[in-house]
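Below are the chains, spelled out letter by letter.
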Amino acid sequence: MILSYPEIRDFVAKAFSDLISAKYPSTESISGVATGGIAQGALVANNLNLPMTYVRSGAKKHGRQNQVEGVCTLDQKVVVIEDLVSTGGSSLQAVDALREKGVFVEAMLAIFTYEFDVSVQAMKAANVPFTSLSSYSYLIEEAQKLGYVSSEEMASLMEWKKNPSEWQG
């Protein structure tokens, strides 16, 4: 949906670009995770005048059978762009595919994260610095401030975050 709104799209691309410039100034390339991170990655790469690749969830079944599309060079410093991180599984598959190409993944950046413990631990275990522009905690806190969520509902939302796959609310 972000791509449909130029002002928001530009805001997100600028936020990513500013973050990369401040925290990862030696970045040599941007890589978007299919599918949600591809367009955002392209916008960021354009803002920073950097090359870009993207990573599919798996290798293509035809043609060159690539999982990583675009030019990667050995030890190239790459920041990976993702739209949403829940468990971190697909994001880290992309990191693995890039590392197999010999690039150095400096960080993973996302628009939004649910902040599930499984993703936090997975990013740490994979030695991938992770930053998100927004999060589940921030979202529900703002919703409560604006009166969209009652204190009762807030407690339920926080409880869901602890273990959504087994939540019985």
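The following refers to the structure shown. (Residues numbered from 1 in each chain as written. Predicted model: local features only at pLDDT ≥ 70, side-chain atom pairs only at ≥ 80, totals over all residues. Heavy atoms only, no water.)

A closer look at the packing of aromatic side chains
And then number 1: Per the counting criterion, the structure on display carries 6 aromatic pairs.
And then number 2: Both rings, one in Y114 and one in Y136, keep their centres 6.0 Å apart while their planes meet at 45°; by these two values the pair is tilted. Taken together, the residues Y114 in the loop between β5 (104-113) and α4 (117-125) and Y136 in helix α5 (residues 136-145) connect sequence positions 22 residues apart.
And then number 3: Relative to W160, the ring of Y114 lies with its centre 5.8 Å away and its plane at 70°, an arrangement referred to as edge-to-face. Of this pair, Y114 sits in the loop between β5 and α4 while W160 sits in helix α6 (residues 151-162), placing them 46 residues apart in sequence.
And then number 4: With relative accessibility at 25%, the residue Y114 sits in the partly exposed group.
And then number 5: On the basis of relative accessibility, which here comes to 22%, the residue W160 falls in the partly exposed class.
And then number 6: Taken together, F112, Y114, F116, Y136 and W160 form an aromatic cluster joined through their ring pairs. (Phe/Tyr/Trp six-rings, centres within 6.5 Å; stacked < 30°, edge-to-face > 60°. Helix = DSSP H or I, 4+ residues; strand = E, 2+ residues; numbered from the N terminus. Buried < 20%, exposed > 50% of the residue type's maximum accessible area, 1.4 Å probe, protein only.)

What to know about the environment of Q76
And then number 1: Structurally, the position occupied by Q76 is in the loop between β3 (68-69) and β4 (77-85).
And then number 2: When its relative accessible area of 8% is taken as the criterion, Q76 is described as buried.
And then number 3: C-alpha of Q76 to C-alpha of F104: the two residues are 28 residues apart in sequence and 5.7 Å apart in space.
And then number 4: Discounting chain neighbours no more than four positions away, the residues touching Q76 are E28, S29, P51, V71, G102, V103 and F104. (Contact = heavy atoms within 4.5 Å.)

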